[in-house]
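# Residue-level structure breakdown
Listed below, chain by chain, are the residues.
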Amino acid sequence: MKKTMGFREWLREKLKEKNISQFELARLSGVSQSAISRWLRGLRDPDRDSILKVARALGASEKEIALLLGLAEGALFAVEEGEISVPLLSGEIPCGTPVNGFEEYIVGAVPLNESLLSLRIGQAHRAGLRLFAVRARGDSMIGKGIVHGDFVIFSPDIEVQSGDIGVVDIEDEGLCIKQVFFQGNTVILQSANPAYPPLVFVDRPVRIVGKVLLSLSFH
């Protein structure tokens, strides 16, 4: 579904369900009442940030938020027996975000087969392990089997060693997925596509967000 497809109908239903007025929603969400009124009358479509603010103010589920943002089709969220739901993060987490501060950037959820996860990290390491997902963008990691649009599962609780694939936060660019190499005071972020040169950081801080465990494709 497109980003704002059905938003007006969804918003009307939610306001009725929660018995909340436009005025009260404006107070809770920080979005102006005039903007909410224009949405409900079909005069304007909300932007992504407004959708997030309103959806969270109305207590929307991760699934609802993701569908409203057009992140995935509804069938993606049919979590069955033997699966776990992994929070999906926005690709625009700013630099400086603490490791424990991902929650406000959750925009959806991705189902993950528990057996597949155990094969990658072992059953003994599952307890208390935090998992998150991000969408791969571009083709820089195609040589490692990660293609554009894949869901990449990573954990901030597993240390990235030299040669591992990690989720890295680069200042002014946001999140990227690269093979990470440490050489003294130098960090090298290597693509898995010869069309892209390595990114080399000498005496510059690079925030390693977490270790990539596997990638999933739903397309």
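Refer to the structure above for everything that follows.
Now for a description of the structure that goes with this document. (Residues numbered from 1 in each chain as written. Predicted model: local features only at pLDDT ≥ 70, side-chain atom pairs only at ≥ 80, totals over all residues. Heavy atoms only, no water.)

### Comments concerning the overall build of the protein
What counts is decided by this rule: In this text, helices come from DSSP runs of H or I with a minimum length of four residues, and strands from runs of E with a minimum of two, each type numbered from the N-terminal end. Residue burial is assigned from relative accessible area. The probe radius is 1.4 Å, only protein chains are included, and a residue is buried under 20% of its type maximum, exposed over 50%, and partly exposed in between. Only heavy atoms matter for contacts: two residues are in contact if any of them lie within 4.5 Å across the pair.
On a plain count of helices and strands, the protein comes out with six helices and nine strands. Per-residue burial over the protein gives 46% buried out of 219 residues. If you take every contact in the protein between residues at least 6 apart in sequence, the share linking residues at least 24 apart comes to 61%.

### Thoughts on the side chain of Asn193
With respect to the element layout, Asn193 can be found in the loop between strand E7 (186-190) and strand E8 (199-202). Accessibility expressed as a relative area gives 13% for Asn193, which makes it buried. Setting aside chain neighbours within four positions, we find Asn193 in contact with Asp139, Ser140 and Ile142.

### Quick notes on the environment of Gly108
Summarising the element assignment, Gly108 is placed in strand E2 (residues 106-113). Sequence spacing of Gly108 and Val86 is 22 residues, and the spatial spacing of their C-alpha atoms is 8.6 Å.

### Regarding unusual backbone geometry
The backbone of Asn19 sits at a positive phi, close to 55°, despite the residue not being glycine. Note that Asn19 resides in the loop between helix H1 (7-18) and helix H2 (22-29).

### Some remarks on the pattern of salt bridges
Counted only if it meets this: By salt bridge we mean one thing: a side-chain nitrogen of Lys or Arg within 4 Å of a carboxyl oxygen of Asp or Glu.
For the coordinates displayed, the defined rule picks out five salt bridges. Of the charged contacts, one joins Lys14 and Glu17 as a salt bridge, the two residues approaching to 3.8 Å between their closest N and O atoms. One end of the pair, Lys14, and the other, Glu17, are both in helix H1, three residues apart, so they sit about a helical turn from each other. On the accessibility criterion, Lys14 (7% relative accessible area) is buried. Here Asp169 ties to Arg207 by a salt bridge, and the two come within 2.7 Å at their closest N and O atoms. Of this pair, Asp169 sits in strand E5 (residues 165-170) while Arg207 sits in strand E9 (residues 207-216), and the two are 38 residues apart along the sequence. This pair shows no difference in class: Asp169 is buried, exactly as Arg207 is.

### Side note on the packing of aromatic side chains
Rules: Note on ring pairs: Phe, Tyr and Trp rings are taken, using the six-membered ring of Trp, and paired if centres are within 6.5 Å. Classes follow the plane angle, with under 30 degrees stacked, over 60 edge-to-face and the rest tilted.
All chains considered together, the criterion is met by one aromatic pair. Taking 6.1 Å as the distance between ring centres and 35° as the angle between the ring planes, the aromatic pair formed by Phe132 and Phe154 counts as tilted. Taken together, the positions of Phe132 in strand E3 (residues 132-135) and Phe154 in strand E4 (residues 151-155) put the pair 22 residues apart, joining distant regions of the chain. Comparing Phe132 with Phe154 shows no difference in burial state: the two are buried.

### A short note on the environment of Asp164
Mapping Asp164 onto the fold places it in the loop between E4 and E5. Given the relative accessible area of 18%, Asp164 is considered buried. Considered as a pair, Asp164 and Leu213 are 49 residues apart in the sequence and their alpha carbons are 9.5 Å apart.

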